[in-house]
Every structure is written in structure tokens, then in C-alpha cells.
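# A look at the structure
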Amino acid sequence: MSAIRSSIRTGFLGRAFAVIGAANAVSAAVEAGRRPRARDLRELGIDPASFDQVSR
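Parameters and conventions
- Residues numbered from 1 in each chain as written.
- Predicted model: local features only at pLDDT ≥ 70, side-chain atom pairs only at ≥ 80, totals over all residues.
- Heavy atoms only, no water.
- Helix = DSSP H or I, 4+ residues; strand = E, 2+ residues; numbered from the N terminus.
- Buried < 20%, exposed > 50% of the residue type's maximum accessible area, 1.4 Å probe, protein only.
- Contact = heavy atoms within 4.5 Å.
- Salt bridge = Lys/Arg side-chain N within 4 Å of Asp/Glu carboxyl O.
- Patch = residues over 30% accessible without salt bridge, like charges linked within 9 Å, V, L, I, M, F, W, Y side chains within 5 Å.
- Areas by Shrake-Rupley, 256 points an atom, 1.4 Å probe, with all protein chains shown as cover.
- Expected span 1.5 Å × (residues − 1).
- Arc of directions from axis to C-beta.

Looking at an unreviewed UniProt entry, the protein carries the name DUF1127 domain-containing protein, with the source organism given as Rhizobium binae.

With that settled, the discussion passes to the overall build of the protein. When helices and strands are tallied, the protein shows 4 helices and 0 strands. Ordered by position from the N terminus, the helices and strands of the protein form the series α-α-α-α. Counting over 56 residues, the protein shows a buried share of 16%. Taking contacts inside the protein between residues at least 6 apart in sequence as the whole, the part at least 24 apart equals 13%.

Within the structure shown, the criterion is met by 3 salt bridges. As a salt-bridge pair, Arg35 and Asp52 come within 3.1 Å of each other at their nearest N and O atoms. Within this pair, whereas Arg35 is found in the loop between helix H2 (12-31) and helix H3 (38-43), its partner Asp52 is found in the segment after helix H4 (48-51), the two being separated by 17 residues in sequence. By relative accessible area, which is 39% here, Arg35 ends up partly exposed. As a salt-bridge pair, Asp40 and Arg37 come within 3.2 Å of each other at their nearest N and O atoms. A residue is classified by how much of its surface remains accessible, and Asp40, at 8% relative accessible area, is buried.

Turning to the side chain of Asp40, a few remarks are in order. Assignment of secondary structure puts Asp40 in helix H3. Not counting residues within four places of it along the chain, the set of residues in contact with Asp40 comprises Ala22, Ala25 and Val26.

A cluster of nonpolar side chains, Phe12, Leu13 and Phe17, forms an exposed patch at the surface whose accessible area comes to about 390 Å². Tracing the backbone shows Leu13 in helix H2.

Attention now goes to H2. Taking 1.5 Å of rise per residue, 20 residues should cover 28 Å, and H2 covers 28 Å from first to last C-alpha, within 8% of that figure. Listing the buried residues of H2 in full gives Gly14, Ala22, Val26 and Ala29. The buried residues of H2 occupy an angular sector of 95° when projected down its axis, which confines them to one face. Pointing more than 90 degrees away from the buried face of H2 are the exposed residues Phe12, Phe17, Ile20, Asn24 and Glu31. Phi for Gly33, located one or two positions after H2, is positive at around 80°.

So, in C-alpha cells, the structure goes:
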């Protein structure tokens, strides 16, 4: 059973959940007027250093 869990975590479903979680965290941070965590931005393919240059 642990082989199935590890394959899900490192496979498509694990990646999908990670991206959805990062998108949710970034969205909530932006709505609250806070800067999102660099890890969440990198998960979405956004350069954290260039995030500050985006005008709102």
C-alpha cells in the first residue's frame, strides 16, 4: 500500500494537488494584500523576484 501512496504523491495527482494548493494560497495572499510565499509562486512557475514588479 505504501508504494501506491508514494506513486500518487510523486505522480500526477500529487502534482495537481500541489498546484491547486499553491494557487489557492497565492490567491488568498493577494486578496488580503500580502505577498505570497516564494515557494507557492515557484510552484506556479512565477519568479518570486519579479512578482513585485507586477502592478495591481
